[in-house]
Amino acid sequence: CSDSTNVFKPVFDYKPKLTETYTEDTWLKLRDAVGAIQNSTSIKYNLEELYQAVENLCSYKVSPMLYKQLRQVCEDHVQAQIHQFREYPSLLSFLKRMNRCWQDHCRQTIMIRSIFLFLDRTYVLQNSLLPSIWDTGLELFRTHIVSDSMVQSRAVEGILEQIERERNGETVDRSLLRSLLGMLSDLQVYKESFEQRFLVETERLYAAEGQRLMLERDVPEYLHHVARRLDEENDRIISYLDQSTQKPLISTVEKQLLGEHMTAILQKGLCTLLDENRVTELTLLYQLFSKVKGGLPVLLQFWRDYIKNFGGEIVGSPEKDKDMVQELLDFKDKMDNVAHRCFQRNETFINAMKEAFESFINKRPNKPAELIAKYVDSKLRAGNKEATEEELERILDKIMIIFRFIHGKDVFEAFYKKDLAKRLLVGKSASVDAEKSMLSKLKHECGAAFTSKLEGMFKDMELSKDIMIQFKQYMQNQSEPSNIELTVNILTMGYWPTYTPMEVHLPAEMVKLQEVFKMFYLGKHSGRKLQWQPTLGHAVLKAEFKEGKKELQVSLFQTLVLLMFNEGEEFTLEEIQTATGIEDGELRRTLQSLACGKARVLNKNPRGKDVEDGDRFNFNNDFKHKLFRIKINQIQMKETVEEQVSTTERVFQDRQYQIDAAVVRIMKMRKTLSHNLLVSELYNQLKFPVKPGDLKKRIESLIDRDYMERDKESPNQYHYVA
């Protein structure tokens, strides 16, 4: 019907005279039309005529009566519908009948409203307390059909049964559910009649399912099941549930399938997921836990504990020391990947990872620092062909990340310095650029004081090159030029590791050449003292074998031993020791490298891997090798256990000096200080881990040496002694 009231007006705008007879007849006609609509039979009258009749009645102020009578007719019809719902045994057929009744009612109400539109748009609109014809239809259906306890109960039970069937994998009529739930929503009884019971049933279903599946399935399978269930429930909301149900429904599912089992899920499966690097499942785990209240803090704690435990096993197993640093780098890469790809770069998780690494890596003091220094040495040493310069730079960057976690950085410095010295002095450094890059990284991380000695070592090597150019010019002007080419590295003692001096018997020509260099150097730098270090020397010897001439690249100790065979054919261990003056253990290792290694330029009698007392050695004239210049491994350059211990002891000694200096510095500034405040200040200033007991010993030592004194009345109070 059109909204315009002019459409159905007669041409002459005829208005009949209002009489009781006319009103009654018109109403009967309208009632017949309403009855025909309600009974789905054909209407005898023209719709335009009916619309005009309503307008006429309204024009003559009988709208209240018309509205009241229309409502009564509609109410009588709706009341009569209740009886059809008493006889349906099957819930599904009940739902279908209910839906038909609702659809019929809506269609009828729309038709009736179109006939009585003038009444709806005038009288009803002007009376705010009166519901519109459409709202009246809803109100009547709600009051007489849906509010009936039996009808409502069966309808809700039927809907819940259909939803449960769908949850169990059966196919149901979604359009039927959408229509019925839309009916409850339109009638404004959705929440109290359906939603509350629906959420209770949902909670019951998923509580039982969660407990059952946690026992039956492994964690990856369970997580995928939870994600699938959440997708299904979201699909239900889109398909037929009211939007207002989304939040409580999803919250209920998440609580029962995840919230109640968070700890169990993580205990049962997190370690496996991380061990096997299951990126997809870890991403899903994070996404699901982020939806549950308290989910991420629980995941964070388990993630932190996993890193501490796994890392603790790497660091705490001495038998794994050989591969410790590589395993740490691989583990850090793996955890970084999880944090970035699976945990959405969550800062809290990244910080927790850093804290966990710092915690476990310092559980075993000093050893990780030492092994990291050794690892850097293996990468920067010549012969490391596994990495290009770009790859080497990436490796050094990764090492610096691990290095940051270490508390005892002075231990790293000591071992790094010792290995750097070997690389520089023996010419084993793979790349000067890589060395300087590493030095720059250390300087940026720890400050200039940390790298000053290391930089001094590089400076010494560069100065030594300049000195050797001058020395060669000096030698050319000598009356007796030597047939030995001497190269000397001048090392500043404060920069380099401490080397134990060893007196050996050098050939006269070498001694003479040393004296010439000494005169040359002291002539330029008076007041300095030169101390020769034979343990670090190396030489190139020319040798003749049956196969032809070769050059041997050997250590100074190996040189002294080999030169003896210019004077005789065979010597015993004892004779060699007397002639060279090399320390017993060092000599045995030297002979082992010459007679028992890959390049055997000496023969040992009797044969064997180790050098024993009484062994005899002779020159191996039958020696063969495909190369012209042969490098014989310098066993004495390998680090012994004693060297490791002495390096560590030197670090501890340096720490004692640093503690003493810090105590005196603090006391000089404060003059008087309590024990607790002094210890607190020391912890702020010292850059290495130290135990309270060690601090107490150093304070006692300073008191004994009169740098400070105890207060006579309060033993915990100290005074500075000027």
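Further up the page is the structure itself.
Residues numbered from 1 in each chain as written. Predicted model: local features only at pLDDT ≥ 70, side-chain atom pairs only at ≥ 80, totals over all residues. Heavy atoms only, no water.

Caption draft 1: Spatial organisation of the overall build of the protein. Along the backbone of the protein there are 28 helices and nine strands. For 722 residues, the compact-globule formula gives about 27 Å, and the C-alpha radius of gyration of the protein, at 48 Å, lies well above that figure. Each principal axis of the C-alpha distribution contributes one length, and for the protein these read about 155 × 80 × 55 Å. Per-residue burial for the protein yields a buried fraction of 46% across its 722 residues. Restricting to contacts in the protein with at least 6 residues of sequence separation, those with at least 24 account for 71%. (Helix = DSSP H or I, 4+ residues; strand = E, 2+ residues; numbered from the N terminus. Rg over C-alpha atoms; globule rule 2.2 N^0.38 Å. Buried < 20%, exposed > 50% of the residue type's maximum accessible area, 1.4 Å probe, protein only. Contact = heavy atoms within 4.5 Å.)

Caption draft 2: Broad picture of the packing of helix H4 (residues 91–115) against helix H8 (residues 174–186). The geometry of H4 relative to H8 is characterised by a closest axis approach of 10 Å and an angle of 55° between their N-to-C directions. Looking at the two axes, H4 sits oblique to H8. Judged by the sense of rotation from one axis to the other, the crossing of H4 with H8 is left-handed. Here Leu-92, Leu-95, Lys-96, Met-98, Asn-99, Trp-102 and Gln-103 of H4 come into contact with H8, specifically with Leu-176, Ser-179, Leu-180, Met-183 and Asp-186. Across the contact of H4 with H8, the residue classes tally to seven nonpolar, three polar and two charged. (Axes fitted to C-alpha atoms, helices over the stretch in contact; angles between N-to-C directions. Parallel < 35°, antiparallel > 145°, perpendicular 65-115°, else oblique. Left-handed = near helix turned anticlockwise from the far one by under 90°. Nonpolar A, V, L, I, M, F, W, Y, C, P; charged D, E, K, R; others polar.)

Caption draft 3: Seen up close, the sheet that holds strand S1 (residues 538–545). What the three strands build is an open sheet, ordered S1-S2-S6; its pairing is mixed. Strands with a single pairing partner mark the edges of an open sheet, and in this sheet they are S1 and strand S6 (629–631). With direction set aside, neighbouring strand axes in the sheet form an average angle of 25°. The sheet contacts of helix H23 (residues 556–563) involve S1 and strand S2 (548–555), and relative to S2 the element is tilted by about 135°. (Pairing = 2+ DSSP bridges.)

Caption draft 4: The packing of aromatic side chains, seen in detail. In total, this model carries 30 aromatic pairs according to the counting rule given. A centroid spacing of 4.9 Å and a plane angle of 55° characterise the contact between Phe-343 and Phe-349, whose relative ring orientation is tilted. Each member of the pair, Phe-343 as well as Phe-349, carries the same accessibility label: buried. Ring plane angle 80° and centroid distance 5.3 Å describe the contact between Phe-565 and Phe-571, whose orientation is recorded as edge-to-face. This pair shows no difference in class: Phe-565 is buried, exactly as Phe-571 is. Through a chain of ring-to-ring contacts, three or more aromatic side chains come together here, namely Tyr-306, Phe-310, Phe-331, Phe-357, Phe-360 and Phe-405. Over the ring of Phe-94 we find Arg-154; its NZ or CZ atom is 5.2 Å from the centre of that ring. (Phe/Tyr/Trp six-rings, centres within 6.5 Å; stacked < 30°, edge-to-face > 60°. Lys NZ or Arg CZ within 6 Å of the ring centre and 35° of its normal.)

Caption draft 5: Seen up close, empty space enclosed by the protein. Considering all chains together, one arrives at one cavity of 30 Å³ or more under this definition. Broken down by element, the lining of the largest cavity gets its largest block of residues, six residues, from helix H3 (residues 63–81). Of the residues contributing to the lining of the largest cavity, the split by class is six nonpolar, seven polar and one charged. (1 Å grid on protein atoms, 1.4 Å probe; cavity = no way out; pocket = protein on both sides within 12 Å on 5 of 7 lines; lining within 4 Å. Points joined across faces, edges and corners; volume = space filled by probe spheres on them.)

Caption draft 6: Representation of the environment of Leu-420 within the structure. Within the element layout of this structure, Leu-420 appears in helix H19 (residues 409–425). C-alpha separation for the pair Leu-420 and Glu-435, spaced 15 residues apart in sequence, amounts to 8.7 Å.

Caption draft 7: Spotlight on helix H25 (residues 584–595). Taking 1.5 Å as the rise per residue, H25 with 12 residues should run 16 Å; its terminal C-alpha atoms sit 16 Å apart, in good agreement. Buried within H25 are the following residues: Glu-586, Leu-587, Arg-588, Thr-590, Leu-591, Ser-593, Leu-594 and Ala-595. Elements in contact with the buried residues of H25: H23, helix H24 (573–580), strand S4 (602–605) and strand S5 (616–619). N-cap assignment for H25: the residue whose side-chain oxygen lies 3.1 Å from the backbone N of Gly-585 is Glu-583. (Expected span 1.5 Å × (residues − 1). Polar contact = N/O pair within 3.5 Å; in protein donor to acceptor, adjacent residues only side chain to side chain.)

Caption draft 8: Structural context of the pairing of S4. Side chains Leu-602 and Lys-604 project from S4 onto a buried face, and the interleaved Asn-603 and Asn-605 project onto a face without burial. Pairing geometry for S4 and S5, over four bridges, is antiparallel. Counted as the bridge partner of Leu-602 is Phe-619 from S5.

Purely spatial values, then, with no claim about function.
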